[in-house]
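Notes for the structure review
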Amino acid sequence: MNAKYSKRIILVCLLALILSPLASAQAQSSKKGLLVYSSIYGSTVETAYWVKALIGIENQLDVKSLSQVITIEPYDYIIIGSVTRNEGPVEPVYQFMDLYKDKLVNKQVCYYLNCGDTDETMVLKVPGREAHLIAGRNYLIDLLNKYPEIKPVAIGGFGGRQVFITMNKKDSFMTWLVGMLAKEGKPWEGLDIWESLVPERVEAFANEVRVNILGLKPREDVKQFRGYWESLQPASLTDPAKQKFHPKPYTEKVNTDRIYYSRSRIKGDLELTVSLLQQWAKENGIELKEQVKTFYNVYYHAVKNYGEGDIITHIVPATLPEDPGNVHISFRCYDKPDKRSGVEKDIELAEKLVWADGRKIDN
Ligand SMILES: Cc1cc2nc3c(=O)[nH]c(=O)nc-3n(C[C@H](O)[C@H](O)[C@H](O)COP(=O)(O)O)c2cc1C
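Residues numbered from 1 in each chain as written. Predicted model: local features only at pLDDT ≥ 70, side-chain atom pairs only at ≥ 80, totals over all residues.

Digging into the overall build of the chain
Convention followed: Counting from the N terminus, the helices are DSSP H or I runs at least four residues long and the strands are E runs at least two residues long. Every C-beta atom is placed from the backbone, and the number of other C-beta atoms within 10 Å of a residue's own sets its class: buried at 20 or more, exposed at 12 or fewer, partly exposed in between.
Of the regular secondary structure elements, the chain holds 10 helices and 16 strands. By the burial criterion, 36% of the 363 residues in the chain qualify as buried.

Section: the nonpolar core
Worth spelling out the cut-off: As used throughout, a nonpolar core is a set of buried Ala, Val, Leu, Ile, Met, Phe, Trp, Tyr and Cys residues joined through C-beta atoms within 7 Å of each other. Throughout the structure description, domain borders are defined by an automatic or database domain assignment. What counts as a contact is two residues whose backbone-derived C-beta atoms lie within 7 Å of each other.
Counting 72 residues, the largest nonpolar core has Leu35, Val51, Ile78, Cys110, Tyr112, Phe205 and Val209 as its most contacted members. No fewer than three residues from each of domain 1 (33–238) and domain 2 (252–355) sit in this core. Residues contacting leucine 35, with those up to four places away along its chain left out, are Ala48, Val51, Lys52, Leu61, Val63, Ile79 and Gly81.

Here's the deal with the packing of helix α2 (residues 43–55) against helix α6 (residues 199–212)
Helix-helix packing is characterised by the crossing angle of the two axes and by the distance between the axes. Keep this limit in mind: Each axis is a line fitted through C-alpha atoms, and for a helix only the stretch in contact is used; angles between axes span 0 to 180 degrees, taken between their N-to-C directions. Oblique is the label for any angle not covered by the other classes, which are roughly parallel (under 35 degrees), roughly antiparallel (over 145) and roughly perpendicular (65 to 115). Crossing handedness is read from the near helix: turned anticlockwise from the far helix by less than a right angle, it gives a left-handed crossing, and turned clockwise, a right-handed one. Residue polarity is assigned by list, with Asp, Glu, Lys and Arg as charged and Ala, Val, Leu, Ile, Met, Phe, Trp, Tyr, Cys and Pro as nonpolar; anything else, Gly included, falls into the polar class.
Their axes nearest at 9 Å, the elements α2 and α6 cross at an angle of 50 degrees. Taken together, the axes of α2 and α6 lie oblique to each other. As α2 packs across α6, the resulting crossing turns out to be right-handed. On α6, the residues touching Thr47, Trp50, Val51, Leu54 and Ile55 of α2 are Val202, Glu203, Phe205, Ala206, Val209 and Arg210. The residue makeup of the contact of α2 with α6, split by class, is 8 nonpolar, 1 polar and 2 charged.

Looking at the sheet that holds strand β16 (residues 326–333)
Inclusion rule: When DSSP finds two or more bridges between a pair of strands, those strands are recorded as paired.
Read from one edge to the other, the open sheet built from 6 strands follows the order β11-β12-β16-β15-β14-β13, with strand pairing classed as antiparallel. Sheet topology places β11 (252–255) and β13 (287–293) at the edges, where each strand pairs with a single neighbour. Across the sheet, the mean angle separating the axes of adjacent strands is 20 degrees when strand polarity is ignored. Most of the contacts of helix α9 (residues 270–283) go to strand β15 (residues 310–318), to which it runs at about 160 degrees, and overall it touches β12 (260–267), β13, β14 (298–305), β15 and β16. Across the sheet, helix α10 (residues 341–355) touches β12, β14, β15 and β16, and the angle it forms with β12 is around 5 degrees.

As for the environment of lysine 146
Mapped onto the elements of the fold, lysine 146 is located in helix α4 (residues 141–146). Here lysine 146 falls in the partly exposed class, since 13 other C-beta atoms lie within 10 Å of it. A sequence separation of 52 residues divides lysine 146 from tyrosine 94, and the C-alpha atoms of the two residues are 9.3 Å apart.

A few points about the environment of aspartate 362
In this structure, aspartate 362 sits in the segment after α10. Assessed through the 8 C-beta atoms surrounding it within 10 Å, aspartate 362 is described here as exposed.

Focus on the site of the ligand
So the rule is basically this: Nearness here has a simple definition: the residue's C-beta atom, placed using the backbone, must lie within 6 Å of the molecule or strand.
For the ligand, the set of nearby residues contains 24 residues, the closest of which are Ser39, Ser43, Thr44, Gly116 and Gly160. Those elements giving two or more residues to the shell around the ligand turn out to be α2, β3 (77–85), β9 (161–163) and α5 (169–181). Counted by class, the shell around the ligand contains 8 nonpolar, 11 polar and 5 charged residues.

All quantities given are derived from atomic positions and should not be read as evidence of function.
Listed below in structure tokens is the structure:
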């Protein structure tokens, strides 16, 4: 082997030695992040550290409670996480927004909530209030409307955890009361736990931050970070056989004195579902009035006079992060059974149309 050739080999080996640690390390972003949270029973904090783990320890993301924040100056992006109370983020989150809104406009911002119910096709009607859209990301709509100049890069409605036995008396009472008043009972209640966290939502949210803010690849090995989700939960202590809350069935029909409710899911996208609903409305003399529109759902009042004045059917098609490629759709009518037989027939026609051509998923 001549000297020139062996020198080259040594050079290549040296280069490989120098570069190998870089190659095995996770890709890193120079952006600095701050995750601020407001939590009462701790689940919003646990998801904060879960998001941090998914984003990667090699990327700076400081995690602080709202009261620890003294400045947001050094950060390129801010993630704001809140517990849900009374159908939205808690007051300290609004105070934080008011205090920093002028600075937040020039940063990349994300919002997430831990909440009791994540089904974004959900409409709630309780006495004294109009029926309205609730659950998951829907709880962020008020915040989004209040600060329209801040356009979040990602939003998340993760679900959460509430253990009835550890709640203070006032919270137990409030939760019980809403359940009693809700037209369709307590859709959030598990066994003795209220646990609705959807791990795929946390993972999808963190990956949006990685891709759209940090310019990194989405993580595929996400399941190794489910420590919080897998960990022993308080209900397991009272009965080890108890499992975490099982998601509500995707397909459901409830026909009681208080409500006619039907929910299903189809293959397709929101655009297709909306056009099918418009076709159904046109063919059946129904006026489809849009109430709320987001990038993941639409809330309609379908209005028709069946002989004794207008009756409203509440319709919500929605796409959910944990079920990509499918659309979930709910129909609700709160009129009494003797008044709503026409509505029930029209809902059946709507479902026949959206389910056609093999779109319906049977579970
Ligand atoms: C008094 C009370 C009111 C609540 N209101 C709502 C609500 O309006 N909508 C909802 O989805 N979850 C609601 N929740 C559920 C909590 O948002 C959920 O359990 C969350 O995981 C708690 O977060 P934390 O552990 O960080 O405090 C409520 C819980 C309590 C105790």
